[in-house]
Amino acid sequence: MTDQPPVRVRFAPSPSGDLHVGNIRTALFDWAFARHTGGVFVLRIEDTDQSRVLPAYIESALDTLRWLGLDWDEGPETGGPYGPYLQSERLGLYNDWVVKFLESGHAYYCYCTTDEVAARRAAARSGGSGPSGYDGRCRNLTPDQTAAYQEEGRRPVVRLRMPDGATTFTDLVRGEITIENEHVPDFVLQRADGSPLYTLAVAVDDVLMKMTHIVRGDDLLSSTPRQLAVYRAMGVPESEFPVFAHLPFVLGLEGEKLGKRYGAASISFYRDEGFLPEAICNYLALLGWSPGDNRESFTLAEMAAEFDLARVNKNPARFDVQKLESINGDKIRELDPAEFVRRITPFLHQAGLVGDPPSAAQAEVVDVAAPLIQGRISKLTEAPGMLGFLLVDETEFTVDPEDAAKFL
């Protein structure tokens, strides 16, 4: 019996903004799967679209993962044997593979303009003449046709030549899936300016970084046949293809797409609102998975000890802010009193109630009063409202005589 290679999974965000609930749920499941199997959790930054990705977003992503406790074994700041782990630093690798695909006949130059492709697609849709994707117009250009396009000054993209037939793969969550390749038209690997598209970069990196499993969101399920086609073009034996597991969508309570209007999907929002990282990870783990005994409260270590992709639900999960608040309140009550003080202090400082660091007198008041509110709040942001009256500057404190007479 051949020994299986150690599990290698990756979380590969494209940080064009703050990481959101769906991103982090994926990162959490990747992390837990790696930790459960004794494998390797890789962080890779997909930043080839320089018009949308900023250094500040990358640092924010790293900071969010650190805050949540999702440590990575290979990636930015950590390094590793298959770096660099920022795709913007791997552009030469992608170009080398494009050249190989062109030489092997797996890819070809396409001189069609975006408008021409869109017009033919619209005509195909209206005429009911079959799939309305790219029609393969440039698949078999003659030298004369190529020369004519070049005379016009057209700059070609590079497309992968999808094989006939169908693509079948086994998904660890959804089972066996078959997609007819006629619904997967020849797709662009490289733009006319030489920059790679997602489907090229992600597949090349998954092979070169020796990923064994691709655990990601359901929104990327339709791109799987494209990635498998790139693996084949690279000459990877099918027995060495990564195994896919597509996680169910995270939706709002009414089944709507999760966004800022419904639950403020950015993780930084919840951090600023006084949610504990332990509570966020605990709750997100329940969105599509649960421990064997169906309990709802557990630590990251306990999750890793029990995590199994076989128990991931196929159905979309519903994000409930009230449930998150409830779990957050439970986690707050579980904190050691000194740790609770440490957690609420930044919020007291933001409210202007204590210094940074607090003075000795302020610290004494907070230490004494904090246990009185620890069992009563569900978010750390509630602490300033409950403790503020104890921390006012007495030189600015006044008593209204009428209120005093009425209440005192």
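Computed from a predicted model, the values in this text were never measured in an experiment.

Novice: What should I look at first to understand the overall build of the protein chain in this one?
Specialist: A count of helices and strands for the protein chain gives 15 helices and 11 strands. With the C-alpha coordinates aligned to their principal axes, the bounding extent of the protein chain is approximately 100 × 55 × 45 Å. Looking at the protein chain as a whole, 44% of its 408 residues are labelled buried. Contacts in the protein chain between residues far apart in sequence, at least 24 positions, make up 74% of those at least 6 positions apart. Summed over all atoms, the accessible surface of the protein chain reaches about 20500 Å², with 51% contributed by carbon and sulfur. Of the side chains in the protein chain, 40 bear a positive and 60 a negative charge, and the two mean positions are spaced by 7 Å.

Novice: When you look at the side chain of Gln190 in this model, what are you seeing that I'm missing?
Specialist: You can see Gln190 is positioned in strand 7 (residues 188-190). With residues near it in sequence (within four places) discarded, Gln190 still touches Asn95, Val98, Val157, Val158, Ser195, Pro196 and Leu197.

Novice: Mind showing me how you'd approach the packing of aromatic side chains here?
Specialist: The geometry of two aromatic rings is summed up by the distance between their centres and the angle between their planes. Here the structure, examined in full by the defined rule, presents 11 aromatic pairs. For the ring pair Tyr270 and Phe319, a centre distance of 5.9 Å and an interplane angle of 55° mean the geometry is tilted. Placement of Tyr270 in helix 8 (residues 267-272) and of Phe319 in the loop between strand 11 (317-318) and helix 11 (321-334) is noted, with a sequence separation of 49 residues between them. On the basis of relative accessible area, Tyr270 is assigned to the buried category, the value being 2%. A residue is classified by how much of its surface remains accessible, and Phe319, at 5% relative accessible area, is buried. The rings of Phe269, Tyr270, Phe275, Tyr283 and Phe319 are connected pair by pair, giving a single aromatic cluster. Above the ring of Phe29, the side-chain terminus of Arg25 is found at 5.3 Å from the ring centroid. Across from the ring centre of Trp97, 4.1 Å away, lies the NZ or CZ of Lys100, which sits over that ring.

Novice: How should I be thinking about the nonpolar core in this particular structure?
Specialist: Nonpolar side chains tend to gather and get buried jointly when the protein is soluble and globular. One finds Leu284 and Phe319 to be the most contacted residues of the largest nonpolar core, which totals 72 residues. By residue number, the principal contributor to this core is helix 1 (residues 21-37), which donates nine residues. Every residue in contact with Leu284, bar those within four places of it in the chain, is listed here: Val21, Ile24, Arg25, Leu28, Phe29, Ile267 and Phe319.

Novice: Can you walk me through helix 11 in this structure?
Specialist: Because an α-helix completes one turn every 3.6 residues, residues spaced three or four positions apart along the sequence face the same direction. Taking 1.5 Å per residue, 14 residues should reach 20 Å; helix 11 reaches 20 Å between its end C-alpha atoms and fits that length. Every buried residue of helix 11 is listed here: Leu324, Ile327, Asn328, Gly329, Lys331 and Ile332. Contacts from the buried residues of helix 11 go to helix 8, helix 9 (277-285), helix 12 (337-350) and helix 13 (360-374). Looking at where helix 11 begins, the residue whose side-chain oxygen comes 3.0 Å from the main-chain nitrogen of Gln322 is Asp320.

Novice: What is the right way to look at the packing of helix 3 (residues 91-104) against helix 6 (residues 198-208) in this model?
Specialist: Two elements in contact, helix 3 and helix 6, have axes whose closest approach is 10 Å; the angle formed by their N-to-C orientations is 100°. Here helix 6 runs roughly perpendicular to helix 3, going by the angle between their axes. Where helix 3 abuts helix 6, its residues Leu93, Tyr94, Trp97, Val98 and Phe101 lie against Leu200, Ala201, Val204, Asp205 and Leu208. For the contact of helix 3 with helix 6, the residue count by class is nine nonpolar, no polar and one charged.

Novice: Can you walk me through the packing of helix 12 against helix 13 in this structure?
Specialist: For any two helices packed against each other, one specifies the crossing angle of their axes together with the interaxial distance. At a minimum axis distance of 10 Å, the contact between helix 12 and helix 13 shows a crossing angle of 100°. Taken together, the axis directions place helix 12 and helix 13 in an arrangement best described as roughly perpendicular. When helix 12 is examined against helix 13, the residues Pro337, Phe340, Val341, Ile344 and Leu348 are found in contact with a partner set consisting of Val366, Asp367, Ala370, Ile373 and Gln374. Per-class residue counts for the contact of helix 12 with helix 13 are eight nonpolar, one polar and one charged.

Novice: How should I be thinking about the environment of Pro337 in this particular structure?
Specialist: Looking at where Pro337 falls in the secondary structure, it is placed in helix 12. Given a relative accessible area of 46%, Pro337 falls into the partly exposed group.

Novice: I would appreciate a short explanation of the sheet that holds strand 7 in the present structure.
Specialist: The strands that make up a sheet are held in pairs by hydrogen bonds between backbone atoms, and each pair lies either parallel or antiparallel. Read from one edge of the open sheet, three strands run 3-4-7, paired in antiparallel fashion. Edge positions in the sheet fall to strand 3 (107-110) and strand 7, since each has one partner strand and no second. Averaged over all neighbouring strand pairs, the angle between strand axes comes to 45°, with direction disregarded. Pairing between strand 4 (residues 157-160) and strand 7: two bridges, direction antiparallel. For Arg159, the partnering residue across the bridge sits in strand 7 and is Val188.

Novice: What exactly am I supposed to notice about the pairing of strand 9 (residues 243-247) here?
Specialist: Moving residue by residue along a regular strand, the side chains alternate between the two faces of the sheet. Counting buried residues along strand 9, four of its five residues qualify, which places the element largely inside the surrounding structure. Of the strand pairs in this sheet, strand 8 (residues 213-217) and strand 9 are connected by five bridges, and their pairing is parallel. Looking across to strand 9, one finds that Ile214 is bridged to Phe244. Note on the crossover from strand 8 through helix 7 (residues 224-233) to strand 9: the handedness is right-handed.

Novice: Mind showing me how you'd approach the pattern of salt bridges here?
Specialist: Opposite charge on two side chains permits pairing when their charged atoms draw close. Summed over the entire model, instances satisfying the criterion amount to 26 salt bridges. Note that Glu77 and Arg66 form a salt bridge whose closest N and O atoms lie 2.8 Å from each other. Separated by 11 residues along the polypeptide, Glu77 in the loop between helix 2 (55-68) and helix 3 and Arg66 in helix 2 bring together distant segments of the chain. For Glu77, a relative accessible area of 60% gives the class exposed. With relative accessibility at 38%, the residue Arg66 sits in the partly exposed group.

What counts and how
Residues numbered from 1 in each chain as written. Predicted model: local features only at pLDDT ≥ 70, side-chain atom pairs only at ≥ 80, totals over all residues. Heavy atoms only, no water. Helix = DSSP H or I, 4+ residues; strand = E, 2+ residues; numbered from the N terminus. Buried < 20%, exposed > 50% of the residue type's maximum accessible area, 1.4 Å probe, protein only. Contact = heavy atoms within 4.5 Å. Areas by Shrake-Rupley, 256 points an atom, 1.4 Å probe, with all protein chains shown as cover. Lys, Arg positive; Asp, Glu negative; His and termini not counted. Charge placed at Lys NZ, Arg CZ, Asp CG, Glu CD. Phe/Tyr/Trp six-rings, centres within 6.5 Å; stacked < 30°, edge-to-face > 60°. Lys NZ or Arg CZ within 6 Å of the ring centre and 35° of its normal. Core = buried A, V, L, I, M, F, W, Y, C linked by side-chain atoms within 4.5 Å. Expected span 1.5 Å × (residues − 1). Polar contact = N/O pair within 3.5 Å; in protein donor to acceptor, adjacent residues only side chain to side chain. Axes fitted to C-alpha atoms, helices over the stretch in contact; angles between N-to-C directions. Parallel < 35°, antiparallel > 145°, perpendicular 65-115°, else oblique. Nonpolar A, V, L, I, M, F, W, Y, C, P; charged D, E, K, R; others polar. Pairing = 2+ DSSP bridges. Right-handed = clockwise from strand over helix to strand, strands pointing away. Salt bridge = Lys/Arg side-chain N within 4 Å of Asp/Glu carboxyl O.

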